[in-house]
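Architecture at a glance
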Amino acid sequence: MGSSPSGPANDVIEMRNPLARLRDECLRLLDAALAKAYPDVEAPITKFSQPPSPGMGELSTPICFQLARVVRSRPVEIAERIVEQIDAGSSSLVDSAEALNGYINFHADTNSFARLVLETAAEEAGEYGFIKAERPERVMVEHTSANPNGPIHVGNARNSILGDALAEMLRHRGHAVEIHFYVDDMGRQVAMATYGWRLIGMPEPEGRPDLWVGTIYASVNVLKEIKRLKGELSAARATGDDGKVREINEEISRYAAAAQELRERNAAIFDALTDKIEADPDPNASITRLNTEYEREQPKAKGDVRRLVDRCLRGFEDALGEIGIRFDSWDYESDLVWSGAVDEAVEALKATPYTSYEERALTLDCEAIARDMDLKGRFGLNPGYEVPPLVLIRADGTTLYTTRDIAYSLWKFKRVDRVINVIGYEQSLAQIQLRIALAALGKVELADRQTHFAYEFVRLPDVKMSGRLGRYVTLIEVLDRSVSLAYEEVMKRSPHLPEAQRREIARMVGHGAVKYALLSVDPMKVIIFDWGKALNFEMNSAPFIQYSHARACNILVRAGERPEAEYGLLRGRRERSLVMMVARFPEVFEGAVSDLKPADISAYANALANSFNSFYAALPVIKAGPPGLAGARLMLVDAVRIVLRNALSLLGIEAPERM
């Protein structure tokens, strides 16, 4: 007989999924009817979907279109023949079945199905919808991993918020989740910041440490570029190259504007660095030397770089902690190098036939590996795409980021079964090269269990961010403005609330607005951050969903005692639709986790809030009559409250009970 490709695998999970219970009943009735209507036909796998209108039933199957090719009859005729054999009276959850345009639609028994859905939601409360995985895994989510040379800004905050939501979703699915931050402390950018810090006497940070470090880094970059350009300008003038002179002057003007901004931000740092960099005959050589010394674990360089990096990370902790994002582990890139793990990985790759020296740099032939191991299809690459070689070691003997990432991946898989790297789309090539390198090491199964969760940039209108020039809109700035705007809205709507409560609501709403704005858009789409949309209380925003949750809470508070529910009275289109939406939540959650799509949760929560508000605007709840209808509608309101809160919790968004 036919079998459904979705639904629970055992009774424990089934009890947590009312929609699966209904689907199983429909499948049982359908199998029995098929055996009578077409006893000699092997039924195909049965799929169910939700009809476009509540009046058309709760579940529909297109099985007759599949059978048409086998029994050589029209789908409409097949549907009518099967429906004649369906014994709905043998089911407690199914009221009837009908043939409609070749589909078979099942209508749920209003009383039993609404009871099952709403009472399951009420009983499970904070756990409702969170179907657990049959085989829980140990999963590592690595996210944010911003360079410790400046503040968390609205761009890399998208990484943080996406990573945190993925971790929450996986954790609620029953997986053991570790959240890691990969500290990229081995690179020219960190060396540049430390070089500048040394020049000004290594003082303690003033104000927010990550922003303070970012000012040093940007000031060093701007000042050394101006110094370089001035030297090129003198040479161009000496040769009489007027075109080159104009071009260099334009570049100097651009850097001079950034210099003025940086000086206005912190004159003491900028002026001190101006004098010191002017006195250094070759700042770039000094920075390169420090970078090399740190990679070679020379004590002075190690102590200085680590001290500055740790101060910047303290700023990261504070900024992300504002919105409840925390890490289980801070993994230093340098530790991988100093422990010998990177050398070990490089030596293992050198033992393969895929490495060679090109102009004294050690390279890995990724294209040959992909071809020989037939990896392109496996990794989703176009067969005609030629994977560029990966430089493992530069000519000067230093390693590159991706080389160190190979060792990091091997370290990760000693701890967990599955790895999700939340890294910008621009790193797609490096992530592919990383997986190819793992395959070359005989670890192709690890490459299969490593996912690059890519995302695109965040842009603000009229703002062009550049860490090198010290221009960014920090996460803290965005949060502060969002909370301020939310407070104005709360004042308009609830001026009677105590000031402390208004402030707390504004914090929850403001933070939720920022998170939702960065989660509700497909990660592979560039976000143009829009304050009007982010703080819209009327549609598709965290405030809209939070307000709907608060409205449900308020209805329940005002109702007080609930009359005994008569679920069979929930016969209206809006009521049936809302019951079905509540029933769908477990499978929406399950699918979103499987596909790693937080945006599916946000879209569902928005649709549920929208349906709930339409229901409440059209129908009385507390004053509904008879009392059994009021009781049933109050149970429906409570179920919506539970699901909105649970859905928001997956996104790391709080659900206020008053707004």
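Rules used throughout
Residues numbered from 1 in each chain as written. Predicted model: local features only at pLDDT ≥ 70, side-chain atom pairs only at ≥ 80, totals over all residues. Heavy atoms only, no water. Helix = DSSP H or I, 4+ residues; strand = E, 2+ residues; numbered from the N terminus. Buried < 20%, exposed > 50% of the residue type's maximum accessible area, 1.4 Å probe, protein only. Contact = heavy atoms within 4.5 Å. Areas by Shrake-Rupley, 256 points an atom, 1.4 Å probe, with all protein chains shown as cover. Lys, Arg positive; Asp, Glu negative; His and termini not counted. Charge placed at Lys NZ, Arg CZ, Asp CG, Glu CD. pLDDT = per-residue confidence, 0-100. Pairing = 2+ DSSP bridges. Axes fitted to C-alpha atoms, helices over the stretch in contact; angles between N-to-C directions. Phe/Tyr/Trp six-rings, centres within 6.5 Å; stacked < 30°, edge-to-face > 60°. Lys NZ or Arg CZ within 6 Å of the ring centre and 35° of its normal. Salt bridge = Lys/Arg side-chain N within 4 Å of Asp/Glu carboxyl O. Patch = residues over 30% accessible without salt bridge, like charges linked within 9 Å, V, L, I, M, F, W, Y side chains within 5 Å. Expected span 1.5 Å × (residues − 1). Core = buried A, V, L, I, M, F, W, Y, C linked by side-chain atoms within 4.5 Å. Parallel < 35°, antiparallel > 145°, perpendicular 65-115°, else oblique. Left-handed = near helix turned anticlockwise from the far one by under 90°. Polar contact = N/O pair within 3.5 Å; in protein donor to acceptor, adjacent residues only side chain to side chain.

**A few points about the overall build of the chain**
- Counting its secondary structure elements, the chain contains 25 helices and 13 strands.
- On the principal axes, the C-alpha backbone points of the chain span a range of 95 × 70 × 50 Å.
- Going through the 659 residues of the chain one by one, you find that 54% of them count as buried.
- In the chain, of all internal contacts separated by at least 6 residues, the share reaching a separation of at least 24 is 76%.
- By element, 48% of the accessible surface of the chain is carried by carbon and sulfur atoms, the whole surface being about 28600 Å².
- Taking the average location of the 81 positive side-chain charges in the chain and that of its 94 negative ones, the two points are 2 Å from each other.

**Observations concerning the environment of Gln50**
- By the secondary structure assignment, Gln50 is in the loop between α2 (18-37) and β1 (59-61).
- Residues Gln50 and Cys312 lie 262 residues apart in sequence; the distance between their C-alpha atoms is 51 Å.
- Not counting the four nearest positions on each side in its chain, Gln50 is found in contact with Glu58, Met580 and Arg584.

**Overview of the confidence of the model for the chain**
- Of the residues in the chain, 97% reach a pLDDT of 70 or more, and the chain-wide mean stands at 93.
- This stretch, residues 1-15, has a pLDDT under 50; its non-local contacts, to residues over four places away or in other chains, come to 33 contacts.

**Description of the sheet that holds strand β11 (residues 450-453)**
- If you trace the five strands from one edge of the open sheet to the other, you get β6-β5-β4-β10-β11, paired in parallel fashion. In this open sheet, the two strands that pair with only one neighbour each are β6 (329-332) and β11. Each adjacent strand pair in this sheet contributes to an overall mean axis angle of 25°, direction not counted.
- Judged from the five bridges that link them, strand β4 (residues 138-142) and strand β5 (residues 176-183) form a sheet pairing that is parallel.

**As for the packing of aromatic side chains**
- Tallying each qualifying case throughout the model produces 15 aromatic pairs.
- Centroid distance Tyr128 to Phe585: 6.3 Å. Interplanar angle 40°. Geometry classified as tilted. Remark: Phe585 occurs in helix α23 (residues 573-595) and Tyr128 occurs in the loop between α5 (110-124) and β4; sequence separation between them is 457 residues. You'll find Tyr128 and Phe585 in the same group, each marked buried.
- Connected via pairs of aromatic rings, a cluster forms that spans Tyr128, Phe130, Phe585, Phe589 and Tyr604.
- A cation sits over an aromatic face here: Arg435 above Phe379, 4.1 Å from the ring centre.
- Lying over the aromatic face of Tyr547, Arg493 brings its terminal NZ or CZ to 5.0 Å of the ring centre.

**Description of the pattern of salt bridges**
- Considering all chains together, one arrives at 39 salt bridges under this definition.
- In this structure, the salt-bridge partner of Asp185 is Arg306, at a minimum N-O distance of 3.5 Å. Taken together, the positions of Asp185 in the loop between β5 and α7 (188-199) and Arg306 in helix α12 (residues 299-321) put the pair 121 residues apart, joining distant regions of the chain.
- The partner of Glu225 in a salt bridge is Arg228, and the shortest N-O contact between them spans 2.6 Å. Pair noted here: Glu225 and Arg228 are both in helix α8 (residues 209-239), with a separation of three residues, about one helical turn.
- Owing to a relative accessible area of 12%, Glu225 belongs among the buried residues under this scheme.
- According to the relative accessible area criterion, Arg228 is partly exposed, its value standing at 34%.

**What to know about a negative patch on the surface**
- Together, Glu317, Asp318, Glu322, Glu477 and Asp480 make up a negatively charged patch on the protein surface.
- Secondary structure elements with two or more residues in the negative patch: α12 and α19 (475-493).
- Mapped onto the elements, Asp480 comes out in helix α19.

**Description of the sheet that holds strand β7 (residues 355-358)**
- Sheet architecture is open: three strands sit in the order β7-β8-β9, paired in antiparallel fashion. Two strands in the sheet have a free side with no partner beyond their single neighbour: β7 and β9 (390-393). On average, each strand axis in the sheet is tilted by 40° relative to the strand beside it, whichever way the strands run.
- Where strand β8 (residues 361-364) and β9 come together, three bridges link them in antiparallel fashion. Within β9, the position partnered with Thr363 by the bridge is Val391.

**Details of helix α9 (residues 242-265)**
- The end-to-end C-alpha distance of α9, which contains 24 residues, comes to 35 Å, matching closely the 34 Å that a straight helix rising 1.5 Å per residue would cover.
- Where α9 is concerned, the buried positions are Val245, Ile248, Ile252, Tyr255, Ala258, Ala259 and Leu262.

**Thoughts on the environment of Asp335**
- The topology assignment puts Asp335 in helix α13 (residues 333-338).
- Asp335 gets classed as partly exposed once you look at its relative accessible area, which sits at 37%.
- For Asp335 and Asp185, which are 150 residues apart along the polypeptide, the C-alpha to C-alpha distance reads 9.6 Å.

**Considering the nonpolar core**
- Counting 214 residues, the largest nonpolar core has Ile82, Ile104, Phe106 and Phe529 as its most contacted members.
- The biggest single contributor to this core is helix α25 (residues 627-650), with 15 residues.
- Discounting residues that sit within four places of it in the chain, Ile82 has contacts with Leu30, Ala33, Leu34, Ala37, Tyr38, Cys64, Leu67 and Ile104.
- Counting residues in hydrophobic clusters, the runner-up holds five residues, among them Met140, Phe413, Val419 and Leu446.

**Side note on unusual backbone geometry**
- In this structure, the amide linkage connecting Gly625 to the following residue, Pro626, adopts the cis form with an omega of 0°.
- Summarising the element assignment, Pro626 is placed in the loop between α24 (598-618) and α25.
- One non-glycine residue with positive phi stands out, namely Arg72, at about 55°.
- Relative to the helices and strands, Arg72 is located in the loop between α3 (63-71) and α4 (75-85).
- The phi angle at Ser145 is positive, at roughly 40°, despite the residue not being glycine.
- Within the secondary structure layout, Ser145 lies in the loop between β4 and α6 (154-172).

**Focus on the packing of α8 against helix α10 (residues 267-279)**
- Across the interface, α8 lies against α10 with an axial gap of 10 Å and an inter-helix angle of 40°. In terms of their interaxial angle, α8 and α10 are classed as oblique. Both α8 and α10 take part in a crossing whose hand is right-handed. Of α10, the residues touching α8 (which contributes Trp212, Ile216, Ser219, Val220, Leu223, Lys224 and Lys227) are Ile269, Phe270, Leu273, Thr274, Ile277 and Glu278.

**A look at helix α20 (residues 499-519)**
- Between the first and last C-alpha of α20 there are 30 Å, a value that for 21 residues agrees with the 30 Å anticipated at 1.5 Å per step.
- Counted residue by residue, α20 has 15 buried out of 21 residues, so it is predominantly covered.

**A few points about the side chain of Arg641**
- Structurally, the position occupied by Arg641 is in helix α25.
- Relative accessible area serves as the criterion here: at 18%, Arg641 is assigned to the buried category.
- For Arg641, the contacting residues outside a window of four places in its chain are His549, Ala552, Cys553 and Leu556.

**Remarks on the side chain of Asn646**
- Along the chain, Asn646 turns up in helix α25.
- A polar contact is formed between the side chain of Asn646 and the backbone oxygen of Ala125, at a distance of 3.0 Å.
- Not counting chain neighbours up to four residues away, the residues in contact with Asn646 comprise Ala125, Gly126, Glu127, Tyr128, Phe130 and Phe585.

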